[in-house]
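Chain by chain, the residues run as shown.
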Amino acid sequence: MLEIVPLPAFRDNYIWTLRGGKNAAVVDPGEAGPVKEYLAREGLALVAILATHHHPDHVGGISELVAMKKVPVFGPKGEPIPELTHPVGQGDKVEILALAATFSVLDIPGHTRAHVAYYGLESLFCGDTLFACGCGRVFEGTAEQMLDSLTKLAALPDATRVYCGHEYTLANIKFARAVDPGNSMLAAREEKVAKLRAAGLPSLPSTLGEERATNPFLRCAEPVVVESANKYLGARVADPARVFAAIREWKNRF
Ligand SMILES: [Zn+2]
């Protein structure tokens, strides 16, 4: 049975560690220190590294980890990550034999040009594209691309556990409540997450069912979200990509 453990890194990043028996793989090791410490403490051998995109807070620890042990490094083929041994893209499979785990690769551009997600074992590792109750900034792609990527992730089953790259949930919920004020599930979510954070616990993983019900960036066709976007813009738009672009811009200033 595979266990998935968050290793906090920097101020609000998570390095997701997949462990089974005496083996472990890590997703997005932005720094090597927390990984090395955890592996040593738990007596685990590193067997693979997965990267979702090229930002340093997700890949900065890879060179130090592969210097310690040569393991396969999976990551998006369209991005500059020099340590990759297995460049991957849409439709590829990532097989980690030592963990008996297989993941499908999904291309989800927008935050970066070739950002990927890994999906398997009812779990989704989606880096900085889908966040709990939010989404990443659009740095290298277009609003249309980002919305397409989020829509692709939203089509996965409700029970899918969402493991994203940052602990931004509480701030995201505060913004979501401004966009979607009447959503009672959102109010309940805020209460639940505030309790977890007050106890020093991660708010993650969430589930895709929860995201579809409360994440405004997955709800760009909902009348209440459209109306809020229109109020922000002071204009009438209905096209989901324009609604998405409006609330993404609003969030940047929130
Ligand atoms: Zn990023």
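Residues numbered from 1 in each chain as written. Predicted model: local features only at pLDDT ≥ 70, side-chain atom pairs only at ≥ 80, totals over all residues. Heavy atoms only, no water.

Visitor: Which residues make up the overall build of the protein, and what values go with them?
Guide: Helix and strand counts for the protein come out as nine helices and 14 strands. On the principal axes, the C-alpha backbone points of the protein span a range of 55 × 40 × 30 Å. Residue pairs at least 24 apart in sequence account for 57% of intrachain contacts in the protein once pairs closer than 6 positions are excluded. Carbon and sulfur atoms make up 55% of the accessible area of the protein, which amounts to about 11000 Å² in all. (Helix = DSSP H or I, 4+ residues; strand = E, 2+ residues; numbered from the N terminus. Contact = heavy atoms within 4.5 Å. Areas by Shrake-Rupley, 256 points an atom, 1.4 Å probe, with all protein chains shown as cover.)

Visitor: Summarise helix α8 (residues 223-233); cite the residues concerned and give the values.
Guide: Structurally, the α-helix is built with 3.6 residues per turn, so residues lying three or four positions apart point the same way. Every buried residue belonging to α8 is among Val225, Val226, Ser228, Ala229 and Asn230, and all of these are buried. Turning to α8, the residues buried within the fold contact α5 (169-179) and α9 (240-253). (Buried < 20%, exposed > 50% of the residue type's maximum accessible area, 1.4 Å probe, protein only.)

Visitor: For the pattern of salt bridges, give the residues involved together with the corresponding values.
Guide: A side chain with one charge may pair with a side chain of the opposite charge, provided their charged atoms come close. This structure, assessed with the given rule, holds 14 salt bridges. Between glutamate 42 and arginine 19 there is a salt bridge, with the nearest N and O atoms lying 2.8 Å from each other. With glutamate 42 in helix α1 (residues 33-42) and arginine 19 in strand β2 (residues 13-20), the pair connects residues that are 23 residues apart, well separated along the chain. Here aspartate 158 and arginine 212 are joined by a salt bridge, their closest N and O atoms 2.1 Å apart. Placement of aspartate 158 in the loop between α4 (143-154) and β13 (161-164) and of arginine 212 in helix α7 (residues 208-214) is noted, with a sequence separation of 54 residues between them. (Salt bridge = Lys/Arg side-chain N within 4 Å of Asp/Glu carboxyl O.)

Visitor: Describe the sheet that holds strand β4 (residues 45-50), and please don't skip the residues or the numbers.
Guide: Here we have six strands laid out as an open sheet, ordered β1-β2-β3-β4-β5-β6, and mixed in their pairing. Looking at which strands have only one partner, the edges of the open sheet turn out to be β1 (3-9) and β6 (86-88). Each adjacent strand pair in this sheet contributes to an overall mean axis angle of 25°, direction not counted. Here strand β5 (residues 73-76) pairs with β6 via three bridges, running parallel. In the sheet register, phenylalanine 74 faces β6, and the bridge partner there is histidine 86. Lying over the sheet, α1 contacts β1, β2, β3 (23-27) and β4, oriented at roughly 135° with respect to β1. (Pairing = 2+ DSSP bridges. Axes fitted to C-alpha atoms, helices over the stretch in contact; angles between N-to-C directions.)

Visitor: If you had to explain the side chain of aspartate 12 to someone new, which residues and values would you point to?
Guide: As for its placement among the helices and strands, aspartate 12 is situated in the loop between β1 and β2. Judged by relative accessible area, which is 16%, aspartate 12 ranks as buried. In this structure the side chain of aspartate 12 is engaged in a polar contact, spanning 2.9 Å, whose partner is the side chain of histidine 166. Leaving out residues up to four positions away in the same chain, aspartate 12 has contacts with Gly165, His166, Glu167 and Tyr168. (Polar contact = N/O pair within 3.5 Å; in protein donor to acceptor, adjacent residues only side chain to side chain.)

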